[in-house]
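# Reading the structure
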Amino acid sequence: KIVAINCSPRSGWNTAQLVREAARGAEAMGAEVQIIDLYQLEKFTGYVSCFGCKLAPNEGKCICQDGLTPILDAIREADGLIIGTPNYLSNVSAGFHALHERLYFQYVTYQKENPSYPHRKIPVLFIMTSGAGDAAYTPDGYGRLVDSYKRTLGMVGPTKALISADAYQVTDYSKYNWTLFDPAAKKERFDTVFPQHKKQAFDLGAEMVTAPWEA
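Structural notes, computed from the coordinates. (Residues numbered from 1 in each chain as written. Predicted model: local features only at pLDDT ≥ 70, side-chain atom pairs only at ≥ 80, totals over all residues. Heavy atoms only, no water.)

## What about empty space enclosed by the protein?
For the record, the criterion: The rule is simple: put a 1 Å grid over the protein atoms alone, call a set of points where a 1.4 Å probe fits but cannot get out a cavity, call an open set with protein on both sides within 12 Å along at least five of seven lines a pocket, and count a residue as lining if it has an atom within 4 Å of a point. Grid points are joined across faces, edges and corners, and a volume is the space filled by probe spheres set on the points. Elements are defined by DSSP. Helices are runs of H or I of four residues or more, strands are runs of E of two residues or more, and each kind is numbered from the N terminus. In this classification, Asp, Glu, Lys and Arg are treated as charged, Ala, Val, Leu, Ile, Met, Phe, Trp, Tyr, Cys and Pro as nonpolar, and every other residue, Gly included, as polar.
This structure, assessed with the given rule, holds two cavities of 30 Å³ or more. There is about 70 Å³ of room inside the largest cavity. Around the largest cavity sit Tyr47, Val48, Cys50, Gly52, Cys53, Cys62, Ile63, Cys64, Arg102, Phe105 and Gln106, which together line it. In this structure, the second largest cavity encloses a volume near 50 Å³. Along its surface, the second largest cavity is lined by Asn14, Ser164, Ala165, Asp166, Ala167, Tyr168, Lys186, Arg189, Phe190, Val193, Phe194 and His197. Those elements giving two or more residues to the lining of the second largest cavity turn out to be α5 (183–192) and α6 (194–210). No other element matches the three residues that α5 contributes to the lining of the second largest cavity. The residue inventory of the lining of the second largest cavity, partitioned by class, reads six nonpolar, three polar and three charged.

See the structure below:
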């Protein structure tokens, strides 16, 4: 069972396409895949510090009831997690951040002896898309952001990342007077490089099933 979550408010563009390609790869290897568009869920919130996940009988399980509840339950029962987000303002989407808080903090014990509640670790594929180019993903640039989320998603399980930079954001750049970008170059990259990223996503989805990566 694989859970694949598109954390972009756009359900058909770059992030969503890569998430779905990774899901297709997993399905091709026989996995049962649940695909979720996060922004189409019922209303949800981030971590609310109720600390219910620190009390018996719910240690390690978020008790907040909203649109994320069935998603957190599905991840808990899954054998792998595919999760994608666009890069907004040098960070993840607000929806991703809310889910990430709820997913992460439920496992934290705040105990020196045992930092996290016992739970089954599963492989995670973290996908990020951005309008910024590859050059922005240096170790001192957005590479630090990606590494940070790889570390925290490590609470769920060993995490691999797929970055698709210099994204083709709209079909008509002139409509918005976005003079910062070269529309022809963006379209050419979308036609030539983005299919390679989709292939990488497919292969990683397949790998998640046939050879799940370990920490």
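## Observations concerning the sheet that holds strand β5 (residues 159–164)
Quick reminder of the rule: Here the rule is simple: two strands pair whenever DSSP picks up at least two bridges between them. To define axes, lines are fitted to C-alpha atoms, for helices over the stretch in contact only, and angles between the resulting N-to-C directions are given on a 0 to 180 degree scale.
One open sheet holds the five strands; their spatial order is β2-β1-β3-β4-β5, and the pairing between them is parallel. Either end of the sheet is taken by a strand with one partner, and the two such strands are β2 (33–37) and β5. Each neighbouring strand pair of the sheet contributes to a mean axis angle of 15°, computed without reference to strand direction. Taken together, the six bridges between strand β4 (residues 124–129) and β5 define a ladder with parallel strand orientation. Bridging across to β5, Thr129 finds its partner in Ser164.

## Observations regarding the packing of aromatic side chains
Here is the rule we go by: Working definition: rings of Phe, Tyr and Trp (its six-membered ring) pair if their centres are within 6.5 Å, and the pair is stacked with planes under 30 degrees apart, edge-to-face with planes over 60 apart, and tilted otherwise. The rule is short: NZ of Lys or CZ of Arg within 6 Å of the ring centre and within 35 degrees of the ring normal puts a charge over the ring.
Throughout the structure, instances matching the rule amount to 14 aromatic pairs. For the pair Tyr168 and Tyr173, a centre-to-centre distance of 6.0 Å together with 35° between the ring planes defines the contact as tilted. Ring pairs connect the aromatic residues Trp13, Tyr168, Tyr173, Tyr176, Trp178, Phe181, Phe190 and Phe194, which therefore count as one cluster. The ring of Trp13 is capped by Arg10, whose NZ or CZ atom sits 4.2 Å from the centre of that ring.

## Concerning the pattern of salt bridges
Definition in use: What makes a salt bridge here is a side-chain nitrogen of Lys or Arg within 4 Å of a carboxyl oxygen of Asp or Glu, nothing more.
Taken as a whole, this structure holds 11 salt bridges when the rule is applied. A salt bridge links Arg76 to Asp73, with the shortest nitrogen-to-oxygen separation between them at 3.2 Å. Here Arg76 and its partner Asp73 are both found in helix α2 (residues 69–77), three residues apart, which amounts to about one turn of the helix. Overlapping salt bridges, with partners in common, bring together Asp134, Asp166, Lys186 and Arg189 in one network.

Nothing here speaks to function; it is geometry throughout.
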